[in-house]
Amino acid sequence: MRTSLAPLCLFVAIAAGAPVPAIAQQGAPAPTAAAAAQPITPEERQQGAAANKDIINEYGGAYQGPQVPYVERIGRRIALQSGLSADPGAFTVTVLDSPIENAFAIPGGYIYVTRGLLALMNDEAELAGVLGHEVGHVAARHSRSRQRVAQRNAILGMLGQVLVGAATNNSGLGQLLGQGLNTGSQLLTLGYSRGQETEADNLGIRYLNSARYDTDALSSMLADLAASTRLSQQLSGQTRSVPAWASTHPDPDKRVRAALTQAQATGGTDFPRNRDAYLNAINGMIYGDNPEQGVVDGQNFLHPGFRLAFTAPPGFRMTNGARAVSITGQGGQAEFSTAAYSGSLPAYIDTVLRQLAGDGNSGLPPGDVVRGTVNGFQTASRTVRANTSQGQVDITVIAYATAPDRAFHFTIITAPGQGLGPFGGMVQSLRPLTAAQAAAVKPRYLRVVTVRAGDTVQSLSQRMAFSDFQLDRFMTINGLEPGATVKPGDRVKIVTY
């Protein structure tokens, strides 16, 4: 989380026109006629460029590590196979400085992958397969069925409907509470049908084949994501918890088998995967949360820059976004963020609620402001009740003055009449960090090591810079199945300080 909670509107262009054959690019095979798509239109370029800056800001900015040129090259190579353009310069590939496992593409030639997803991948072909899948959505113009996506950052879009729904009673918050909160950029790929996902998988596999990559790679990447899903469940204690990319692309286990079958039918399963080149590229990349944006450590969120910490309820999962930390689980959902502060906590709360309701909406439901103190911070809170098509919910904003010119807040959604529900302890846990505690928050890095004689999966996992689930984490980031072994000369990833 950085500094501000601001509305974010992202959209996907609608394009029309007949497909035309692509022209071959030297060093990158041309797409097959079956895979060729209508080229990028001027309107798509304009609209993609307009959304690009907001997307980058939403995901913590563009990562500036030495891995970027390598990822750009692979992204452009696979995108050329789509027929959207024969010019590699038509594609803008961005590595997002986010630990969230996600990738997506939007019309106009813009392709995104987070460093969190890069850390999960194990070879170049997997990277190409994931980006090929996302480019496939754009090449197939799947946005036509969704029209224009205009979702707000974090919970803003859905909550805006909730507050407006107090009068119109047509909000879909019931769906929101069922699926979890998502940042605006994560919602870019929500709404694709199963048929569209299958088509994008098949296109991604075709692109792998025409780019001369092992077509099994998308299947293995989906298996990695399924393993990451299971690890997320272990870490949070939840029965339903998935990484961002997996959540927008349902049924990863079934898709592993379907993608493998499609790869075998397509051919190209003996093409290279370029594992060593990939591992060389990602060696030394920052892993997990960047301390500049705060870190999630178990059930604790610590921000050394703001010198703040809080503790989430047991069994709840925290996701640290660029502008907010989401806390999701059974019994309610919450976010932690900040906004402009003029010295009045009640005015600050009104500002937050109006942002949630949407610009220009002043008809907020009534609610009393309650003042208090938490760990030396002056606080104010307000609860409003909103009607939705699925019933009523309570929305609570509790704000903390942490300095004369800065405040932070939790926004909490619970069933009506339950008060703060499971979040009572969390709102009391916000606390200052000492200078020593802030200095102790250090970044983790991904390191590639060569297995030596005597090394085992168990001994290597003990080098992971975590206090829990070391073996599970090691197995997951290396794509190892239960019972797998390593031998001298193998190269594996570990996470160190």
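Shown above is the structure to which this text applies.
What you see is a predicted model; the values in this text were computed from it and never measured.

Asker: Tell me about the packing of aromatic side chains, and name the residues and values.
Answerer: Counting across every chain of the model gives 14 aromatic pairs. Seen in terms of ring centroids, F301 and F310 are 5.5 Å apart; in terms of plane orientation they differ by 40 degrees. Their pairing is tilted. Pair check on accessibility: F301 and F310 agree, each one buried. An aromatic cluster of three or more residues is present, and its members are F301, F306, F310, F336, Y400, F408 and F410. A cation over an aromatic ring shows up here: R473 above the ring of F466, its NZ or CZ 4.0 Å from the ring centre.

Asker: Describe in detail the pattern of salt bridges, supporting the description with residues and values.
Answerer: If you walk through the whole model with that rule in mind, you get 11 salt bridges. Ionic pairing is found between D394 and R385, a salt bridge with its closest N-O pair at 2.8 Å. The partly exposed category is assigned to R385, whose relative accessible area is 39%. D468 is the partner of R473 in a salt bridge, and the nearest nitrogen-oxygen pair spans 2.9 Å.

Asker: An account of helix α17 (residues 470–477) is needed here, citing residue identities and associated values.
Answerer: Among the residues making up α17, those that are buried are R473, F474, M475, T476 and I477. G479 lies just past α17 and shows a positive phi near 65 degrees.

Asker: Could you give me a rundown of the sheet that holds strand β4 (residues 286–287), with the residues and numbers involved?
Answerer: Taken in spatial order, the 3 strands of this open sheet run β4-β16-β17, and their pairing is antiparallel. On the outer flanks of this sheet lie β4 and β17 (491–496), each paired with one strand and no other. Relative to β17, strand β16 (residues 444–450) is paired through 6 bridges, and the arrangement is antiparallel. Opposite Y445, over in β17, you have T496 as the bridge partner. Those strands touched by helix α12 (residues 275–282) are β16 and β17, and its axis lies near 15 degrees from that of β17. Sitting on the sheet, α17 is in contact with β4, β16 and β17, with an inclination near 135 degrees to β17.

Asker: Before we move on, can you summarise the nonpolar core with the specific residues and values?
Answerer: Core analysis: the largest hydrophobic core is formed by 68 residues, its most contacted members being V113, L117, L118, M121 and L127. The element that contributes the greatest number of residues to this core is helix α4 (residues 124–139), accounting for 8 residues. Counting residues in hydrophobic clusters, the runner-up holds 22 residues, among them F301, A312, F377 and M426.

What counts and how
Residues take numbers from 1 onward in each chain, read along the sequence in its written order. Local features in a predicted model are, by the rule used here, given only for residues with pLDDT of at least 70; side-chain atom pairs are given and counted only at 80 or more, and totals for whole chains, interfaces and linings are based on all residues. Note that water and hydrogens are dropped before the side-chain values are worked out from all heavy atoms of the structure. Geometry of aromatic contacts follows a simple scheme: Phe, Tyr and Trp rings, the Trp one being its six-membered ring, pair when their centres are within 6.5 Å, and the pair is stacked under 30 degrees between planes, edge-to-face over 60, tilted otherwise. Under the scheme applied here, a residue whose accessible area is under 20% of the maximum for its type counts as buried, over 50% as exposed, and between as partly exposed, the area being computed with a 1.4 Å probe on protein chains only. Think of it as a cone above the ring: NZ of Lys or CZ of Arg counts as a charge over the ring if it is within 6 Å of the ring centre and within 35 degrees of the ring normal. For salt bridges, the criterion is a side-chain nitrogen of Lys or Arg within 4 Å of an Asp or Glu carboxyl oxygen. Helix and strand assignments come from DSSP, with helices taken as H or I runs of at least 4 residues and strands as E runs of at least 2, each series counted from the N terminus. Two strands are said to pair when DSSP picks up at least two bridges between them. By definition, residues are in contact when any of their heavy atoms lie within 4.5 Å. Convention adopted: a line fitted to C-alpha atoms gives each axis, helices being fitted over their contacting stretch, and angles between N-to-C directions are expressed from 0 to 180 degrees. In these notes, a set of buried Ala, Val, Leu, Ile, Met, Phe, Trp, Tyr and Cys residues joined through side-chain atoms within 4.5 Å is what counts as a nonpolar core.

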